[in-house]
Amino acid sequence: MNRAGEFEELRPLLYSLAYRLLSSVAEAEDVVQEAWLRYAAVPERPRSPKAYLSAVVTRMAIDVLRSARVRREQYVGDWLPEPLLTDPYEDPARSAELADSVSMAALLLLERLSPLERAVFVLRDVFAYDFSEVAAAVDRTEAACRQLLVRARRHMEAARPRFEADSRDHEELAARFFDALRCGDVDGLKDLLAADVQLVGDAGGKAPALARTIVGAEQVARLLASTFPRLDRVGARLDLCAVNGQPGALLRDREDRVAYALVLDVRDGEVQTIRSVGNPDKLGHLGPVADAWALQRDFHRSGRE
């Protein structure tokens, strides 16, 4: 097989690795493309294309993470990962780890790790690379990688919610949630929300967003119920879909452009967190992006009619 064919076989793995390291669709795509250019240019074919390309992707991602920390400290409002609709890599032997690691909750926990800890954790615990491969990828000794992994696991396990694999129950609960949302059913929403549910919005100062995180079933239910039923008046609609492996939806305007991505964190039979991504810079890979400010103006105008 030629190099292009080898690379295309590995592309889903490399992209999934890069996304978990960076929490960004656009940056993951850039890193994978640069990995191809380097692979195509290397004089001799590496003994293990997978190991070589994984190391290239990991090292570039670590560099991006180090610079991203500064940008995220200056970010306007709450920061959330870029929504991912489809994870291209599948491994039946690692399905639970892969599903858990791509959720918004897990990606936000990974943000707490140092770039090296994050790389070691993702390579070893998510994708099951050998310690020799992990060490080569991050340019550290195996002993150092073991220590990094211990620290990373300690951080992750201290705050990590228990993973629940029964997606069917999640989907049924999500369907009830979105039905209640469309109808403005406050009581119906409250029945599905955890008492301490959080509503978090990320717009980066580039779209209408919450001034702060809303906490509590009563407050969240009333806010949602007063907002979403009126969206029909301005031609907006919700398309239900999986987002980062979790129940979610895309809010589209009358011209079918994406305005927001909504993600539900469901655990113990309740919605624990509702996350909304409206920063247009994070939605471009989902299709044409709506003018959320215009949508908001239409929304307020409809309320006065």
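Keep in mind the model is a prediction, meaning the values are calculated, not measured.

Calculation rules
- Residues numbered from 1 in each chain as written.
- Predicted model: local features only at pLDDT ≥ 70, side-chain atom pairs only at ≥ 80, totals over all residues.
- Heavy atoms only, no water.
- pLDDT = per-residue confidence, 0-100.
- Helix = DSSP H or I, 4+ residues; strand = E, 2+ residues; numbered from the N terminus.
- Axes fitted to C-alpha atoms, helices over the stretch in contact; angles between N-to-C directions.
- Left-handed = near helix turned anticlockwise from the far one by under 90°.
- Contact = heavy atoms within 4.5 Å.
- Nonpolar A, V, L, I, M, F, W, Y, C, P; charged D, E, K, R; others polar.
- Pairing = 2+ DSSP bridges.
- Core = buried A, V, L, I, M, F, W, Y, C linked by side-chain atoms within 4.5 Å.
- Buried < 20%, exposed > 50% of the residue type's maximum accessible area, 1.4 Å probe, protein only.
- Phe/Tyr/Trp six-rings, centres within 6.5 Å; stacked < 30°, edge-to-face > 60°.
- Lys NZ or Arg CZ within 6 Å of the ring centre and 35° of its normal.

(A) Seen up close, the confidence of the model for the protein. Summing up the model confidence of the protein, the mean pLDDT is 93 and the portion of residues at 70 or higher is 96%. Helix H12 (residues 292-304) is the least confidently modelled element of the protein, averaging 85 in pLDDT, while strand E2 (residues 214-215) averages 98, the highest of any element.

(B) The arrangement of the packing of helix H1 (residues 3-22) against helix H2 (residues 25-41) in detail. Remark: H1 packs on H2, axes separated minimally by 9 Å, with the N-to-C direction vectors making an angle of 145°. Considering how the two elements wind past one another, H1 and H2 form a crossing that is right-handed. Taken together, the residues of H2 that come into contact with H1 (itself represented by Arg 3, Ala 4, Glu 6, Phe 7, Arg 11, Leu 14, Tyr 15, Ala 18, Tyr 19 and Leu 22) are Val 25, Glu 27, Ala 28, Glu 29, Val 31, Val 32, Gln 33, Ala 35, Trp 36, Tyr 39 and Ala 40. Looking at the contact of H1 with H2 residue by residue, the class counts come to 15 nonpolar, one polar and five charged.

(C) View of the sheet that holds strand E1 (residues 193-202). As summarised here, the arrangement of the six strands in space is E2-E1-E6-E5-E4-E3, forming an open sheet in which the pairing is mixed. Each edge of the open sheet carries a strand with a single partner, namely E2 and strand E3 (237-243). Sitting on the sheet, helix H11 (residues 217-227) is in contact with E1, E2 and strand E6 (270-277), with an inclination near 55° to E1.

(D) Representation of the nonpolar core in the model. With 50 residues, the main nonpolar core has Leu 17, Phe 121, Phe 127 and Val 138 as its most contacted residues. Looking at which element gives the most residues to this core, the answer is H1, with 10 residues. Residues Leu 199, Leu 224, Ala 225 and Leu 251 belong to the second largest nonpolar core, which totals 38 residues.

(E) The pairing of E6, seen in detail. Among the eight residues in E6, seven count as buried, and that is most of the element. Bridge count for E1 against E6 is six bridges, and the pairing is parallel. Counted as the bridge partner of Val 200 is Arg 275 from E6. Looking at chain direction, strand E5 (residues 258-267) and E6 are connected through seven bridges and run antiparallel. The residue of E6 that forms the bridge with Arg 267 is Glu 270. Connecting E5 to the antiparallel partner E6 that follows it, the hairpin turn spans two residues, and Asp 268 within it adopts a positive phi of roughly 55°.

(F) Structural detail: the packing of aromatic side chains. Applying the stated criterion across every chain, the model contains five aromatic pairs. Between Tyr 89 and Phe 127, the ring centres sit 5.9 Å apart and the planes meet at 45°, which makes this aromatic pair tilted. In this pair, Tyr 89 is assigned in the loop between helix H3 (49-73) and helix H4 (95-101) and Phe 127 in the loop between helix H6 (115-126) and helix H7 (131-138), connecting sequence segments 38 residues apart. For Phe 127, a relative accessible area of 8% puts it in the buried group. Relative to Phe 178, the ring of Phe 177 lies with its centre 5.2 Å away and its plane at 85°, an arrangement referred to as edge-to-face. Pair check on accessibility: Phe 177 and Phe 178 agree, each one buried. Ring-pair connections join several aromatic residues into one group, and the members of that group are Phe 7, Trp 36, Tyr 39 and Tyr 52. When the ring centre of Tyr 39 is taken as reference, the NZ or CZ atom of Arg 3 above it lies at 5.5 Å.

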